[in-house]
Amino acid sequence: MAVSPKQKQILILAFFLLIAIIFWNTPIIYPVKLFVVMLHELSHGLMAELFGGDIINIQIDPRIGGYCQYTVPDSFIGRIFIASAGYLGSIFWGTLILFLAIKKSYDRQISLVIGIVLLFLSWFVIKTGEWFGIVMTIGFSGFMLLSYKFLSDEFHDYFLKFIGVVSCLYVVLDIKNDLIDRSGVGSDADSIAEMTGIPSVLIGLIWLGIALLVVYGSLKYAFKSTNE
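Values in this document were obtained by computation on a predicted structure and should not be read as measured data.

Caption draft 1: Representation of the nonpolar core. By size, the foremost hydrophobic cluster in this structure holds 59 residues, and its most contacted members are Phe-35, Ile-58, Ile-114, Leu-160 and Ile-163. The biggest single contributor to this core is helix α6 (residues 153–181), with twelve residues. Leu-160 has contacts with Ile-97, Ala-101, Asp-107, Ile-110, Ser-111, Ile-114 and Met-144, leaving out every residue within four places of it along the chain.

This is the structure in structure tokens:
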């Protein structure tokens, strides 16, 4: 029985999801988790810039964490959006990568853009002077740029799907672990809770719901026009 393009895409994503779950706490997934942290911190910084602030530096931690230091704009709404941008921004970028890998045929160019974005990010990581973050950011950027030049279109198609699946899974689990299971530990949701009085657990649940809806809606739309 022949497998349709849509069924093939679903099987590929299911396989990558299975691989991610099996090897979740191994060196295979570790670099992609750090990639999601990079997207998380970059999202904070870009939102701060959007509301009139400036990125000072970005730290990437070997314990799969990070920190974006920025000037805080004099705007209550701005501070809310900046605090929300980490988790929601990283789910947006991860879903966008996955969506484009399913829908479009220029995966190689997407890898090039990711490499350039990470190279831009590395400038702010270099300002911290911390070698782990510098090496990992420039290393991931260099890998994406070299793969654009030397690796096949098929590699880019599969690799982008893989990091898209892992990114979405990691953000969803990260929201659950950091904001629902362990509230009150100084997370982004705790910052919003201090500003608004809304319990951080509720904020985490809202972010989790948004993340799941974004992933579901994007995949549904991506597969909608895929040939049966």
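Caption draft 2: Examining the side chain of Lys-161 more closely. Here Lys-161 lies in helix α6. Using a relative accessible area of 1% as the deciding quantity, one classes Lys-161 as buried. Setting aside residues up to four positions removed in sequence, Lys-161 forms contacts with Gln-9, Ile-12, Leu-13, Phe-16, Leu-98, Ala-101 and Ile-102.

Caption draft 3: Structural context of the pattern of salt bridges. Per the stated rule, a full pass over the model turns up three salt bridges. Taking the shortest distance from any N to any O, the salt bridge between Asp-153 and Arg-108 comes out at 2.9 Å. In this pair, Asp-153 is assigned in helix α6 and Arg-108 in helix α4 (residues 107–126), connecting sequence segments 45 residues apart. For Asp-153, a relative accessible area of 49% gives the class partly exposed.

Caption draft 4: Local environment of the packing of helix α2 (residues 30–50) against helix α3 (residues 76–103). Remark: α2 packs on α3, axes separated minimally by 7 Å, with the N-to-C direction vectors making an angle of 130 degrees. When the interaxial angle is binned, α2 and α3 end up oblique. In the packing of α2 onto α3, the handedness of the crossing is right-handed. Across the interface between the two elements, Phe-35, Val-36, Leu-39, His-40, Ser-43, His-44, Leu-46, Met-47 and Ala-48 of α2 pack against Phe-81, Ile-82, Ala-83, Ala-85, Gly-86, Tyr-87, Gly-89, Ser-90, Trp-93, Gly-94 and Ile-97 of α3. The residue inventory of the contact of α2 with α3, partitioned by class, reads 13 nonpolar, seven polar and no charged.

Caption draft 5: Main features of helix α5 (residues 131–150). Along its 20 residues, α5 runs 27 Å from first to last C-alpha, staying within 8% of the 28 Å computed at 1.5 Å per residue. Among the residues making up α5, those that are buried are Gly-133, Ile-134, Thr-137, Phe-140, Ser-141, Met-144 and Ser-147.

Caption draft 6: The arrangement of the packing of aromatic side chains in detail. Enumeration over the complete set of coordinates arrives at 13 aromatic pairs. Here the aromatic residues Phe-15, Phe-16, Tyr-158 and Phe-162 are joined through ring pairs into a cluster of three or more.

What counts and what doesn't
- Residues numbered from 1 in each chain as written.
- Predicted model: local features only at pLDDT ≥ 70, side-chain atom pairs only at ≥ 80, totals over all residues.
- Heavy atoms only, no water.
- Core = buried A, V, L, I, M, F, W, Y, C linked by side-chain atoms within 4.5 Å.
- Buried < 20%, exposed > 50% of the residue type's maximum accessible area, 1.4 Å probe, protein only.
- Helix = DSSP H or I, 4+ residues; strand = E, 2+ residues; numbered from the N terminus.
- Contact = heavy atoms within 4.5 Å.
- Salt bridge = Lys/Arg side-chain N within 4 Å of Asp/Glu carboxyl O.
- Axes fitted to C-alpha atoms, helices over the stretch in contact; angles between N-to-C directions.
- Parallel < 35°, antiparallel > 145°, perpendicular 65-115°, else oblique.
- Left-handed = near helix turned anticlockwise from the far one by under 90°.
- Nonpolar A, V, L, I, M, F, W, Y, C, P; charged D, E, K, R; others polar.
- Expected span 1.5 Å × (residues − 1).
- Phe/Tyr/Trp six-rings, centres within 6.5 Å; stacked < 30°, edge-to-face > 60°.

Function cannot be inferred from these measures alone, as they are strictly geometric.
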